[in-house]
Amino acid sequence: MSIVRNLFQRFSCGCQCLFKVKSNDPNCVLSLKNCFSTASVCFSIETEDTKQFVNQFSRRPVRRALLYVPGHDVRKVTKIPSLQVDCTVLDCEDGVALDKKDEARSKIAEMYDDIAQKSSCEVGVRINAPSSGLAKKDLEILFGKVPYPSCLVVPKIDDHHEITWICDTLRDIVLNAILPKQVPPNVIRIIFQIESARGLIGMKESVEAGIASCAKIRCTSQIDGVIFGSDDFCADLGISRTSEAIELIYARQKILTTAKAYGLQAIDMVYIDYKDTDGLRRQSIEGFKMGFTGKQIIHPHQIQTVQDAFIPEPKKIEWSLELLKAYDESHKGAFTFQGQMIDLPTILQARNIVNIYKHINEQKKTNAE
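Quick notes on the rules
- Residues numbered from 1 in each chain as written.
- Predicted model: local features only at pLDDT ≥ 70, side-chain atom pairs only at ≥ 80, totals over all residues.
- Heavy atoms only, no water.
- Buried < 20%, exposed > 50% of the residue type's maximum accessible area, 1.4 Å probe, protein only.
- Helix = DSSP H or I, 4+ residues; strand = E, 2+ residues; numbered from the N terminus.
- Pairing = 2+ DSSP bridges.
- Right-handed = clockwise from strand over helix to strand, strands pointing away.
- Patch = residues over 30% accessible without salt bridge, like charges linked within 9 Å, V, L, I, M, F, W, Y side chains within 5 Å.
- Areas by Shrake-Rupley, 256 points an atom, 1.4 Å probe, with all protein chains shown as cover.
- Salt bridge = Lys/Arg side-chain N within 4 Å of Asp/Glu carboxyl O.
- Axes fitted to C-alpha atoms, helices over the stretch in contact; angles between N-to-C directions.
- Parallel < 35°, antiparallel > 145°, perpendicular 65-115°, else oblique.
- Left-handed = near helix turned anticlockwise from the far one by under 90°.
- Contact = heavy atoms within 4.5 Å.
- Nonpolar A, V, L, I, M, F, W, Y, C, P; charged D, E, K, R; others polar.
- Core = buried A, V, L, I, M, F, W, Y, C linked by side-chain atoms within 4.5 Å.
- Expected span 1.5 Å × (residues − 1).

Along any regular strand the residues' side chains alternate between the sheet's two faces. Burial along strand 9 (residues 265–268) is two-sided: the residues Gln265 and Ile267 and Ala266 and Asp268 are all buried. Across three bridges, strand 8 (residues 221–228) lies against strand 9 in parallel orientation. Pairing of Val226 across the sheet is with Ala266, part of strand 9. Pairing between strand 9 and strand 10 (residues 294–297): two bridges, direction parallel. Looking at the pairing, Asp268 lines up with Lys295 of strand 10. Taking the sense of rotation as the criterion, the β-α-β connection linking strand 9, helix 12 (residues 277–290) and strand 10 turns out right-handed.

Printed below as a string of structure tokens:
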């Protein structure tokens, strides 16, 4: 196992690999899977319950739209199963007033399992920031019993110590909630938010610290992605917002580039004016073309517009499929296709488009079942 753990850095950036593990010991399997916490890893394991748990790490859920729902608002929470959205996040943070925090925690803990079972989408929770003094209580109540949420959004990560504390605290709470030899019921996918100047310049260290913390023995979580919290970021820097958001280009590109360097999802900022469908569509398409994997939303009316924007155009998909077929038949490093000179970077872009399309279709099929 020590040899495998030494390979952690080599396989921590989203690469694909196959390991055959013949072990009935959950501790052994958990240690192995966490050595490759951001890789797409396939395992061959003898026991069915352990196999089911580890296979959850092989592919991240599609999150074209990530919708926040205030955790204390029962009326809105009960509507989640009727929404055709990729990811819903029950909120304890910005969407909940200070005097409603306790109510939000208790309502989410009470309703989560029922809502998650009835929903075709991923259902996660957002706790309060580590610096708020409320995060530990959030984690204890929301993850202190089985079943617990499969997705955790952590706001306002300003330095690597905070994400380390989150991962370590979460591990201790979950291990106390399950039996010593019990295989955890599900993976906890952690997505953290960058919302300040400090958070932005220290993002690389935070990502690495999170990955390292999730690689500890018997940790049942993994770092899945990074979210850009633009409103708090603007407040922190004294930025005046514009509809074109040109003042945020650097921050968006840095967050996107750093996330992709570690094989993580990158989720773009909220478009506040939910009634401005044209502006939302423009910014969503822009984010998709930049390389973001999804976008935060604050109202159900934004779901369709955003999710449609994060699907490659049919003509682009058709072009990519034909290009890849021609490439497979060409046996050349560079060749001409439809009047254009094609080289390896273009092939990689085409593969990315096809993979996005296939991934979305696979999730739709799974949800329908």
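Past the structure itself, the notes keep going.
In this section: a nonpolar patch on the surface. A cluster of nonpolar side chains, Ile272, Tyr274 and Ile298, forms an exposed patch at the surface whose accessible area comes to about 250 Å². Examined against the element boundaries, Tyr274 turns out to sit in the loop between strand 9 and helix 12. We classify Tyr274 as partly exposed; its relative accessible area is 32%.

We now examine the packing of helix 7 (residues 160–177) against helix 9 (residues 203–214). Between helix 7 and helix 9, the least distance of the axes is 8 Å, while the angle of their chain directions is 20°. Between helix 7 and helix 9, the angle falls in the class roughly parallel. Our pair here, helix 7 against helix 9, has a crossing hand that is right-handed. Residues His160, Ile163, Thr164, Cys167, Asp168 and Arg171 of helix 7 form the contact with helix 9, whose own contacting residues are Glu205, Ser206, Ala209, Gly210, Ser213 and Cys214. For the contact of helix 7 with helix 9, a count of residues per class yields four nonpolar, five polar and three charged.

For the rest of this paragraph, the subject is the sheet that holds strand 6 (residues 151–154). Taken together, eight strands build a closed barrel; the order of strands is 3-4-5-6-7-8-9-10 and the barrel is parallel. Along the sheet, successive strands turn relative to each other by an average axial angle of 30°, direction set aside. Direction of pairing for strand 6 relative to strand 7 (residues 188–194): parallel, over a ladder of four bridges. Residue Val153 lies in a different strand from strand 7, and its bridge partner there is Ile191.

In a structure, side chains of opposite charge can pair up when their charged atoms sit close to one another. Applying the stated criterion to the full structure yields 27 salt bridges. Two residues, Arg126 and Asp91, come together in a salt bridge whose shortest N-O distance is 2.8 Å. On the criterion of sequence distance, the pair formed by Arg126 in strand 5 (residues 122–126) and Asp91 in strand 4 (residues 87–91) is long-range, its members being 35 residues apart.

Moving on, we come to the nonpolar core. Grouped burial of nonpolar side chains is what soluble globular proteins tend to show. Counting 68 residues, the largest nonpolar core has Leu90, Phe143, Leu152, Ile190, Phe192, Ile223 and Val226 as the members making the most contacts within it. What Leu90 contacts, discounting residues up to four positions off in sequence, is Val69, Val77, Ile80, Ile108, Tyr112, Val123, Gly124, Val125 and Arg126.

Given 3.6 residues per helical turn, the α-helix brings residues three or four places apart onto the same face. The terminal C-alpha atoms of helix 9, which comprises 12 residues, lie 16 Å apart, in line with the 16 Å expected from a rise of 1.5 Å per residue. Within the span of helix 9, buried status applies to Met203, Ser206, Val207, Ala209, Gly210, Ile211, Ser213 and Cys214.

Now for the environment of Val62. Relative to the elements of secondary structure, Val62 occurs in the loop between helix 3 (48–54) and strand 3 (65–70). The buried category is assigned to Val62, whose relative accessible area is 9%. Taking the C-alpha atoms as reference points, Val62 and Thr293, separated by 231 residues in sequence, lie 8.1 Å from one another. When near neighbours in sequence (up to four residues on either side) are disregarded, Val62 contacts Asp86, His359, Ile360 and Gln363.

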